[in-house]
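Secondary and tertiary structure notes
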Amino acid sequence: MADIKIPANLLPKDGRFGCGPSRTRPEQLANFLSEGASLIGTSHRQAAVKNMVGDIRSGLLELFRAPEGYEVILGNGGSTAFWDAAAFSLVENKAQALVHGEFGSKFAKALKTPWLEAPTIRSSEPGTLNHLVPEAGVDAYVYPQNETSTGVIAPVQRVEGVDEGALFMTDATSAAGGVDFDLSQTDVYYFAPQKNFASDGGLWVAVVSPAAIERIERISSSGRYIPEFLSLKVALDNSRLNQTLNTPAIATLFMLLDQIRWINKSGGLSWADARTKESSKLLYDWAHHSKIAFPFVENRDHQSQVVVTIDFEDSMDATLITKALRANGILDVEPYRKLGKNQIRVATFVATDPSEVSALITCLDYVIDALS
Ligand SMILES: Cc1ncc(COP(=O)(O)O)c(C=O)c1O
């Protein structure tokens, strides 16, 4: 295959379309250089960094229009660490987990512990969505809001008829900040900031309801062995002081706060939701009209507005498309590595202007034309 050179005037301004770590806004980095750099190398136990953590916590409550009593807690280790923390600190006896892709499956695996009953798994094929059902004896219902490996979005909604006091936990790692929802419909809304929040990895953040806080405190005093690093009671106590148990990445906190402020200033979560819907619709419409491409997720209600997966007919090898795009600086639209589909996957997180997605589509057409 001869090298495909996309004309420079067709290229997006920024070639980053990956699902995380993902595109940052140039203003975030500029603000970091002008205001944030002086925080680097200073103590996270002193006012400057603690105020930043405090602003993140209050900024998120504003963004998510948090009901009375919800709190923001945070710690190190990303969403993967939060799964283990939740197994130690939030699930009392047994969970039910929705699994339709890699990330739902990873949390379900973390729930198989010696101190919990085996979780009930409600699974379905990648690209589809199952639903949680009320089950006696289950005290925690868990699901990914956006399954990043497949581009399937699930509603944030409590299930009627569950045991009294059962908690709902939403893995919002790739949805938070880009998808509107009603926080009262869940007890634990957790994420890491390297996606819609356009920051870096390594941190987890959770917005927790009064019922979740009560559960964290009760399990903490129950005598269950909980490693300090994975104790949400320790995280709760530190977060209330605007600190983390151990040293956080200060640049990550700065970039996260900058993005929260930008979204809040731009119109909040409903604005972000409209923007990601506009971007993703461009791609779904393009696939709909294409003769060789089609959305991987068939049910329109389950098609994610933040992670768009598009399959290609066998006649078009998607790896040739992604290679040609990569050679032209358009990065990370390869499908999720373990899914094994003839596919591209594009993040339409809120940092990406819809005009950038239009430019990407122009480049896709150019490359496909050259390969056909
Ligand atoms: C839905 C979802 N959950 C969890 C994770 C894991 O996040 P982390 O890499 O911060 O541990 C990811 C990462 O892509 C994700 O997309």
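Keep in mind the model is a prediction, meaning the values are calculated, not measured.

With that out of the way, let us pick up the sheet that holds strand S7 (residues 167–171). As summarised here, the arrangement of the 7 strands in space is S1-S9-S8-S7-S4-S2-S3, forming an open sheet in which the pairing is mixed. Among the strands making up the open sheet, the edge pair consists of strand S1 (71–76) and strand S3 (120–123). In this sheet, neighbouring strand axes are inclined to one another by 20° on average, regardless of whether the strands run parallel or antiparallel. Both strand S4 (residues 140–144) and S7 contribute to a ladder of 5 bridges, which runs parallel. Bridge pairing in S7 links Val-142 to Met-169. Sitting on the sheet, helix H4 (residues 102–110) touches strand S2 (95–99), S3, S4 and S7, and the angle it makes with S2 is about 160°.

Of all the 6 residues making up strand S11 (residues 307–312), 6 are buried; the element is thus mostly covered by neighbouring parts of the structure. Every second residue of S11 is oriented toward a common face, with Val-307, Thr-309 and Asp-311 on one face and Val-308, Ile-310 and Phe-312 on the other, all of them buried. Bridge count between strand S10 (residues 293–295) and S11: 3 bridges; the pairing is antiparallel. Following the sheet pairing, Ala-293 is matched in S11 by Phe-312. Looking at chain direction, S11 and strand S12 (residues 343–347) are connected through 5 bridges and run antiparallel. Bridged to Val-308 within S12 is Val-346.

The local shell around the ligand consists of Gly-20, Gly-78, Ser-79, Thr-80, Phe-103, Pro-144, Thr-148, Asp-171, Thr-173, Ser-174, Ala-192 and Gly-201. Considering each element in turn, the shell around the ligand owes the most residues, 3 residues, to helix H3 (residues 78–89). Among the residues forming the shell around the ligand, the class breakdown is 3 nonpolar, 8 polar and 1 charged.

Attention shifts here to the pairing of S3. On a regular strand, one side chain projects to one face of the sheet and the next to the other, so that they alternate. Inspection of the sheet shows S2 paired to S3 by 4 bridges, in the parallel sense. Bridge pairing in S3 places Val-99 opposite Ser-123. What joins S2 to S3 is H4, and the crossover it makes is right-handed.

Spanning 18 residues, helix H10 (residues 354–371) covers 26 Å between terminal C-alpha atoms, matching the ideal 26 Å at 1.5 Å per step. The set of residues buried in H10 consists of Glu-356, Val-357, Ala-359, Leu-360, Cys-363, Leu-364 and Val-367. Angularly, the buried residues of H10 cover 155° about the axis, an arc narrow enough to put them on a single face. Those residues of H10 that are exposed and aimed more than 90 degrees away from the buried face are Ser-355 and Asp-369. Tucked inside the fold, the buried residues of H10 contact helix H8 (268–289), helix H9 (318–327) and S12.

The next subject is the sheet that holds S12. Here 3 strands make up an open sheet; going across it, the order is S10-S11-S12 and the pairing antiparallel. At either margin of the open sheet sits one strand with a lone partner, and together these are S10 and S12. For this sheet, the mean inter-axis angle between neighbouring strands, taken without regard to orientation, is 30°.

Before going further, it helps to examine unusual backbone geometry. Cis geometry marks the peptide bond from Gly-20 to Pro-21, where omega comes out at -5°. With respect to the helices and strands, Pro-21 occurs in the segment before helix H1 (26–36). Even without glycine at this site, Arg-65 takes up a positive phi of about 45°. Mapped onto the elements of the fold, Arg-65 is located in the loop between helix H2 (47–63) and S1. The backbone phi angle of Asp-332 is positive, close to 65°, even though this residue is not glycine. Locating Asp-332 in the fold gives a position in the loop between H9 and S12. Overall, the presence of 19 C-beta atoms within 10 Å leaves Asp-332 in the partly exposed class.

This part takes up the domain arrangement of the protein chain. If you check the domain split of the protein chain, you get domain 1 (9–24 + 268–371) and domain 2 (27–265). One C-alpha centre belongs to domain 1, the other to domain 2, and the line joining them spans 27 Å. Contact residues are listed per partner, giving 29 residues for domain 1 and 30 residues for domain 2. For the side of domain 1 that touches domain 2, the secondary-structure elements that each account for two or more residues are H8 and S11.

To continue, consider the packing of H2 against helix H7 (residues 250–266). Viewed as axis vectors pointing N to C, H2 and H7 meet at an angle of 35°, and their least axial separation amounts to 9 Å. Crossing hand, H2 versus H7: left-handed. Every residue of H7 that contacts H2 at Val-49, Met-52, Val-53, Asp-55, Ile-56, Gly-59, Leu-60, Glu-62 and Leu-63 is listed here: Ile-250, Leu-253, Phe-254, Leu-256, Leu-257, Ile-260, Arg-261, Ile-263 and Asn-264. Residue classes in the contact of H2 with H7 are distributed as 13 nonpolar, 2 polar and 3 charged.

Attention shifts here to the environment of Thr-362. Tracing the sequence through the fold places Thr-362 in helix H10. Distance in space between the C-alpha atoms of Thr-362 and Leu-11 is 8.1 Å, their sequence separation being 351 residues.

Among the nonpolar cores identified, the biggest contains 112 residues, and Leu-90, Ala-140, Val-188, Tyr-190 and Ala-206 are the most heavily contacted of them. For this core, the element with the most residues is H7, which contributes 8 residues. There are two domains that each give this core at least three residues, and those are domain 1 (9–24 + 268–371) and domain 2 (27–265). Ala-206 has contacts with Ile-73, Phe-82, Val-188, Tyr-189 and Tyr-190, leaving out every residue within four places of it along the chain.

Analysis parameters
Residues numbered from 1 in each chain as written. Predicted model: local features only at pLDDT ≥ 70, side-chain atom pairs only at ≥ 80, totals over all residues. Pairing = 2+ DSSP bridges. Helix = DSSP H or I, 4+ residues; strand = E, 2+ residues; numbered from the N terminus. Axes fitted to C-alpha atoms, helices over the stretch in contact; angles between N-to-C directions. Contact = placed C-beta atoms within 7 Å. Buried ≥ 20, exposed ≤ 12 C-beta atoms within 10 Å, placed from the backbone. Near = placed C-beta within 6 Å. Nonpolar A, V, L, I, M, F, W, Y, C, P; charged D, E, K, R; others polar. Right-handed = clockwise from strand over helix to strand, strands pointing away. Expected span 1.5 Å × (residues − 1). Arc of directions from axis to C-beta. Domains from an automatic or database assignment. Left-handed = near helix turned anticlockwise from the far one by under 90°. Core = buried A, V, L, I, M, F, W, Y, C linked by C-beta atoms within 7 Å.

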